[in-house]
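Inside the fold
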Amino acid sequence: MTTPEMRRSALEQAGYNTFLIRSEDVYIDLLTDSGTSAMSDYQWAGMMLGDEAYAGSRNYYNLENTVRKYYGYKHLIPTHQGRGAEHILSQISTKPGDVVPGNMYFTTTRYHQEHAGAKFVDVIIDEAHDPTALHPFKGNVNLNKLEAVCKEYGKDRIPYLSLAATVNMAGGQPVSMENVRQVRKLCDKYEIPIMLDATRAVENAYFIQQREEGYSHKSVEDILKEFCSYTDGGTMSGKKDPLVNIGGWLSLNDDGLAEKARNMVVVYEGLHTYGGMSGRDMEAMARGIEESVEDDHMRARIGQVEYLGELLLEWGIPIVQPIGGHAVYLDARRFYPDMAQDQFPAQTLAAELYLDSGVRAMERGIVSAGRDVVTGKNHYPKLELVRLTIPRRVYTQAHMDVTAESVLNVYSNPKKPKGLQMVYEPEYLRFFQARFTPLG
Ligand SMILES: *Cc1c(COP(=O)(O)O)cnc(C)c1O
């Protein structure tokens, strides 16, 4: 428990950035679902079976088999977390002047694409940028947009299509099986590989089961396997779907590309049979993957997110709809309709929520979007959101009630804040460490 005085002082010390608040000063932590899930007894038992040999750990082979079984990819390159995989994939596939199309950017993913010299081009459907559009698959790729990029640049300048499932920045929105099938066809026509951001692909599979015709009788496990079969490889943050606190991987079907990745992993991550993870970490991840594809687990996980979202909708609070897989996204523009985007409405709202109750959320708007690498100008994303991210198997519905009540408090508070001014801006991924002071 925290007091208003404690929270005021903690927030000031943190420069009004929830990433800079100490976890001890947080009451309910909805900053992220990254590495914050609770491991099961089965996973903890696996930790006791860690084979900590430098080379050829049996836990690596178990993880490799597990990824092959559930995701279907041929080669597994372990990494310390998702961005390690993104780094390696970008370095082995991309050259300066390349173009990477994708269904909305993700912060670290786009950073590594740009760091390798490429330009990211958004090819998601327009509905994804509208928080009120009720499309069931707002993560879908717009095939016309994608084809235009393919025609303009061709396979020599497009190393791959970056396909995310579910789409985090759009509000945890899924891609349909029909869409990925069409995308595959189009990419085959232009000979462009598809690299999946598989971080939340199991959640995506659950949405396909719930929403897409012909899939209601299929298991999440089978749907996941089919979905991945339309792609050529993927990057994974083990900290999300796979239910572990740290870890990740890059997986590839192409032998030549996998060889390049194995050459590179030893420079940046560790040997190709651990890549920055301990043996016990790899065992816990293999077991986490097995658990993550259970239908009941996904129903409980996404059901809890829906519980919070439905409560907020009932009380008339503006959120992104449909409710996403891993989080409920507050629409900060509708909380503060008079606040300019340069005054950071979502950053302000996350600060107000923390002040009200000690609930910690995160900004997903102009701060996260950063600057254009060429012009140095701010990106102005249509979506200006605050993400209430639910860790898996951690909180109860009572915590969701407390959170919803605090959101309502902030929403109905007649005294509206004036916004924030950024007083420190880091060069890369600024949202993590930027500092602000209140205006007015
Ligand atoms: C978290 C995340 C990443 C990056 O993974 P890390 O393990 O945090 O490095 C990439 N893509 C998506 C969609 C994510 O949610």
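Below, the structure is looked at part by part. (Residues numbered from 1 in each chain as written. Predicted model: local features only at pLDDT ≥ 70, side-chain atom pairs only at ≥ 80, totals over all residues. Heavy atoms only, no water.)

1. Some details on helix α1 (residues 4-13)
Looking only at α1, the buried set comprises R7, A10 and L11. The buried residues of α1 occupy an angular sector of 100° when the element is viewed end-on, so they sit on one face. Exposed positions of α1 whose direction lies more than 90 degrees from the buried face are E5 and Q13. In this structure, the buried side of α1 is in contact with α14 (345-357). Trailing α1 by a residue or two, G15 shows a phi angle of about 60°, which is positive. (Buried < 20%, exposed > 50% of the residue type's maximum accessible area, 1.4 Å probe, protein only. Helix = DSSP H or I, 4+ residues; strand = E, 2+ residues; numbered from the N terminus. Arc of directions from axis to C-beta. Contact = heavy atoms within 4.5 Å.)

2. Digging into the environment of M298
Counting through the fold element by element, M298 comes out in helix α12 (residues 295-314). For the pair M298 and R392, spaced 94 residues apart in sequence, the C-alpha separation works out to 9.6 Å. In this structure M298 touches V202, E203, Y206, D241, S292 and G303, once residues within four positions along its chain are discounted.

3. Some words on the nonpolar core
Of all hydrophobic cores here, the largest spans 60 residues; its most connected members are L63, Y71, L196, L224, F227 and W249. L224 has contacts with Y70, Y71, A201, V202, A205 and V293, leaving out every residue within four places of it along the chain. (Core = buried A, V, L, I, M, F, W, Y, C linked by side-chain atoms within 4.5 Å.)

4. Remarks on the pairing of strand β8 (residues 248-252)
Most of β8 is tucked away: five of the five residues are buried. In β8, alternate side chains face the same way, and those of G248, L250 and L252 on one face and W249 and S251 on the other are all buried. By the bridge criterion, five bridges tie strand β2 (residues 75-79) to β8 in an arrangement that is antiparallel. Following the sheet pairing, P78 is matched in β8 by W249. (Pairing = 2+ DSSP bridges.)

None of this, on its own, says anything about what the molecule does.
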